[in-house]
Amino acid sequence: MKIDIILAGVGGQGILSIAAVIGEAALKEGLYMKQAEVHGMSQRGGDVQSNLRLSDRPIASDLIPKGQADLIISLEPMESLRYLPYLKKDGWVVTNSVPFINIPNYPEIDKVEAELDKLPHKVVLDVESIAKEAGSARSANIVILGAATPFLGIDYTKIEEGICRIFARKGEDIVNQNLKALKAGYDAAGQGA
Amino acid sequence: MERNLFLGDEAIAQAALDAGLSGVYAYPGTPSTEITEYIQNSPVAKERGIHSRWSTNEKTAMEAALGMSYAGKRTLCCMKHVGLNVAADCFMNAAMSGIHGGLIILTADDPSMHSSQNEQDNRVFGNFAMLPILEPSNQQEAYDMVYDGFGLSEKLGYPILLRITTRMAHSRAGVQRRQEKPQNTLSFPTDGGQRYILLPVIARKRYKALLTAQDTFTKASEASTYNKYFDSPNKKLGILTTGIAFNYLSENYPDGFENPVLKISQYPLPRKLIEKLTECDEILVLEEGYPVVEEQLKGFLGRGLKIHGRLDGTLQRDGELTPDSVGKVLGKETTSSYSIPEVVAGRPPALCQGCGHRDVYDALNEVVKEYGEAARVFSDIGCYTLGALPPFRAIDSCIDMGASITMAKGAADAGAFPAISVIGDSTFTHSGMTGLLDCVNEATPVTIIISDNETTAMTGGQDSAGTGRLEAICQGIGVAPKHIRVIVPLKKNYEEMKNLIREEIEYRGVSVIIPRRECIQTLKRKKHA
Ligand SMILES: Cc1ncc(C[n+]2csc(CCOP(=O)(O)OP(=O)(O)O)c2C)c(N)n1
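Residues numbered from 1 in each chain as written. Chains lettered and ligands numbered in written order. Predicted model: local features only at pLDDT ≥ 70, side-chain atom pairs only at ≥ 80, totals over all residues. Heavy atoms only, no water.

## Considerations on the overall build of chain B
Then, number 1: A count of helices and strands for chain B gives 20 helices and 18 strands.
Then, number 2: Over its C-alpha trace chain B gives a radius of gyration of 25 Å, about what one expects of a compact globule, namely 24 Å for 529 residues.
Then, number 3: Each principal axis of the C-alpha atoms in chain B carries an extent, and together these give about 75 × 65 × 50 Å.
Then, number 4: Expressed as a percentage of its 529 residues, the buried residues of chain B come to 60%.
Then, number 5: Long-range contacts, defined as pairs at least 24 residues apart, comprise 78% of the intrachain contacts of chain B with a sequence gap of at least 6.
Then, number 6: By element, 53% of the accessible surface of chain B is carried by carbon and sulfur atoms, the whole surface being about 21,100 Å². (Helix = DSSP H or I, 4+ residues; strand = E, 2+ residues; numbered from the N terminus. Rg over C-alpha atoms; globule rule 2.2 N^0.38 Å. Buried < 20%, exposed > 50% of the residue type's maximum accessible area, 1.4 Å probe, protein only. Contact = heavy atoms within 4.5 Å. Areas by Shrake-Rupley, 256 points an atom, 1.4 Å probe, with all protein chains shown as cover.)

As structure tokens, then:
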């Protein structure tokens, strides 16, 4: 088993929590993992990404080679496109559909949507609305994780356990909110696909 | 044993704690910051009274670290690569004195300049000081090197330079911890410690001692398990990797290497292992950073061997390595199925909405406009450097921490008017205070704006050394109290802020304006805590 994932978004959106949950679940599964993060300057509202690699064999590089990612998980539609050179031909893109506009030259959203349309395998979801409906407005990042779960090669229940462990410190309410968000994302993607 | 999911930085911090650390001394800087933060947040460190408070700058950090080592304790000193420039005087001379308690100096280099003003490779500094260098290839090795590194430092009697790069610092992997060791007890150098008095008569002896020690350092490298030779019958090409370049090579050969490979993670270069590699017709050097080993090999071997790397253009001269760039050189080019669509726009970092630096620049820009092209705004390093980008385009320089004040001084000395400096609070205490004294001593007509968000924001909101005392510090240095002006940078205060800036520009002496409003990020975090 080997899966390479690129997590994408804008500084401050919370892609590192997604990585933390997957990482926690993978480690408990006895998998090897490497996860390269971006800290520092770009966290000030710039584009951020994280390379997450899971495997049942030791992993060499912290960075994913071009054309080799199985999955791009993105909290922002334009950001999901930025890493396409890393996506495998039959890889999946799971992305939020709602743009995060903090630059004056953000493209027209239909142009972004048109590019997403061209991809053979994608799940495009309004994660903010789904999070709100699930009563977990602040867990949009976990909604997108739920939507991506079928592509991770890790059982849904293991991801749930990962959430419990990662958010345990923040109390039961937060854990439950995130579990609901995960389920809402998972269900929404199931209906769309 | 259970594996812990650690960032490279966290693995280093945990290893230091497990190896009997007594103190970490550091000034924040990407990608080194998380090491000290990990120790600051460690309940065990608190319980054991391990020093972890931020230092004012890298020089004060390294000197304090050397002092703790003098007192027999194991000490870690961390900084980003450019921090070593600030601490260089202590660094070069600590190689002359040697150490007592184990001392590891960590440099986190940033090739490709993800968050830095240059991509200097501090292995050059290590070689300059003639100290042993460790360069881990993965997180476990980083842990082990620190865990054993204090002992190595104590055995050799010298500081060890531990060099990591961004991808090592900020990548997570499973790491196994080892048994915890107790701290060293307080003790002073057993040889009387005369070697710490670098008067010329002693320093000459110490330099000879350092030269003699080189042989011991090399033997340690030759015996090191971190340096490893992988043989192969195909001697057409031998490959030498340093640090994490080994991973990028391995990534391209999932079923095993097809050439002899020498993995280097401890310096000085292990001569004996290098001899083995010279059986190959040609040598390819893969290193993250400057062509340090490549240059050494060219001189060191002197046998007309063909060496390929960054110098002959085989690899790009600048920027970090990737599995792709390494694969390409070895004829294993990766291909993309998709390209980046044209609609994708760049998304540079920006000052947060609601940040006080924004208000400072809005007001400053309007006043500066009144002086036309003559006005120069020298700035510095921090979040406020983002004022260089649109819509502000408010600053003319950003060189090294503290340079805004002294560059404004030099320009003013040359006749420039108005000469304005914009500096952050943490940068001011890091290296701005001494420059301010120069200005005061000559009553130089400069207007210094200390944009005070009461934190070290760019690196994630660490404590700032002068918080609450900036006026007192400026006054102590000799700025006239009536030319130390404090204001809250908010829209409603624009007119007042503009008047104040104008008045102080017109005052032909040293003035300090302190717009003060807490960083909205640290404020938000306090609210959610
Ligand atoms: C010698 C050196 N040390 C550390 C850094 C990393 N660094 C860059 S900006 C910065 C923080 C500056 O804080 P402050 O001056 O208060 O400005 P703010 O980011 O809060 O606006 C640091 C620590 C550096 N670039 N150079």
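## Here we look at the packing of helix H16 (residues 403-413) of chain B against helix H17 (residues 425-442) of chain B
All names here are of chain B.
Then, number 1: The contact between H16 and H17 brings their axes to 8 Å, and the two run at 25°. When the interaxial angle is binned, H16 and H17 end up roughly parallel. Across the interface between the two elements, Ile405, Thr406, Lys409 and Asp413 of H16 pack against Phe428, Gly432, Gly435, Leu436, Asp438, Cys439 and Glu442 of H17.
Then, number 2: Among the residues making up the contact of H16 with H17, the classes are represented as 4 nonpolar, 3 polar and 4 charged. (Axes fitted to C-alpha atoms, helices over the stretch in contact; angles between N-to-C directions. Parallel < 35°, antiparallel > 145°, perpendicular 65-115°, else oblique. Nonpolar A, V, L, I, M, F, W, Y, C, P; charged D, E, K, R; others polar.)

## Points about the pattern of salt bridges
Oppositely charged side chains can pair when the atoms bearing their charge come close.
All names here are of chain B.
Then, number 1: Here the structure, examined in full by the defined rule, presents 48 salt bridges over all chains.
Then, number 2: A salt bridge links arginine 516 to glutamate 471; the nearest nitrogen and oxygen atoms lie 2.9 Å apart. In this pair, arginine 516 is assigned in the loop between strand E18 (510-515) and helix H20 (520-528) and glutamate 471 in helix H18 (residues 470-477), connecting sequence segments 45 residues apart.
Then, number 3: Overall, the relative accessible area of 26% leaves glutamate 471 in the partly exposed class.
Then, number 4: A cluster of three or more residues bridged by salt bridges with shared partners is formed by Asp109, Asp121, Arg123, Glu135, Arg163 and Glu287. (Salt bridge = Lys/Arg side-chain N within 4 Å of Asp/Glu carboxyl O.)

## As for the packing of helix H15 (residues 356-370) of chain B against helix H19 (residues 494-506) of chain B
Residues and elements named next belong to chain B.
Then, number 1: One way to put it is that H15 packs onto H19 with a least axis distance of 9 Å and a crossing angle of 50°. One way to sum up the angle between H15 and H19 is to call them oblique. Taken as a pair, H15 and H19 cross one another with a handedness that is right-handed. Contact residues: H15 offers Asp359, Val360, Asp362, Ala363, Leu364, Glu366, Val367 and Glu370, while H19 offers Tyr494, Met497, Lys498, Ile501, Arg502 and Ile505.
Then, number 2: Partitioning the contact of H15 with H19 into residue classes produces 8 nonpolar, no polar and 6 charged. (Left-handed = near helix turned anticlockwise from the far one by under 90°.)

## A few points about the layout of surface pockets
Then, number 1: Here the second largest pocket is characterised by a volume of approximately 920 Å³.
Then, number 2: Forming the walls of the second largest pocket are 33 residues, and the residues nearest its centre are A:Arg57, A:Pro58, A:Ile59, A:Ala60 and B:Glu251.
Then, number 3: Contributing elements (two or more residues each) for the lining of the second largest pocket: strand E1 (2-10), strand E2 (32-36) and strand E3 (47-55) of chain A together with helix H8 (139-156), strand E7 (171-176) and helix H11 (245-252) of chain B.
Then, number 4: In terms of residue count, H11(B) provides more of the lining of the second largest pocket than any other element does, 5 residues in total.
Then, number 5: Its residues placed into classes, the lining of the second largest pocket shows 13 nonpolar, 11 polar and 9 charged.
Then, number 6: Residue contributions to the lining of the second largest pocket reach at least three from each of two domains, namely domain 1 (3-188 + 197-222) and domain 2 (228-329) of chain B. (1 Å grid on protein atoms, 1.4 Å probe; cavity = no way out; pocket = protein on both sides within 12 Å on 5 of 7 lines; lining within 4 Å. Points joined across faces, edges and corners; volume = space filled by probe spheres on them. Domains from an automatic or database assignment.)

## Regarding the interface of chain A and chain B
For an interface, size is often stated in terms of accessible area lost upon the parts coming together.
Then, number 1: In this complex, chain A contributes 54 residues to the contact, which on the side of chain B involves 49 residues.
Then, number 2: There are 4 salt bridges connecting chain A and chain B.
Then, number 3: A:Glu79 is the partner of B:Arg347 in a salt bridge, and the nearest nitrogen-oxygen pair spans 2.6 Å.
Then, number 4: At the boundary of chain A and chain B, one finds 21 residue pairs in polar contact (both at pLDDT 80 or more).
Then, number 5: Every element with two or more residues in the side of chain A that touches chain B is listed here: helix H1 (15-28), E2, E3, helix H2 (77-82), strand E5 (87-96) and helix H3 (109-118) of chain A.
Then, number 6: Per element, the largest residue contribution to the side of chain A that touches chain B is 5 residues, and it comes from E2(A). (Polar contact = N/O pair within 3.5 Å; in protein donor to acceptor, adjacent residues only side chain to side chain.)

Worth remembering: the numbers are spatial, not functional.
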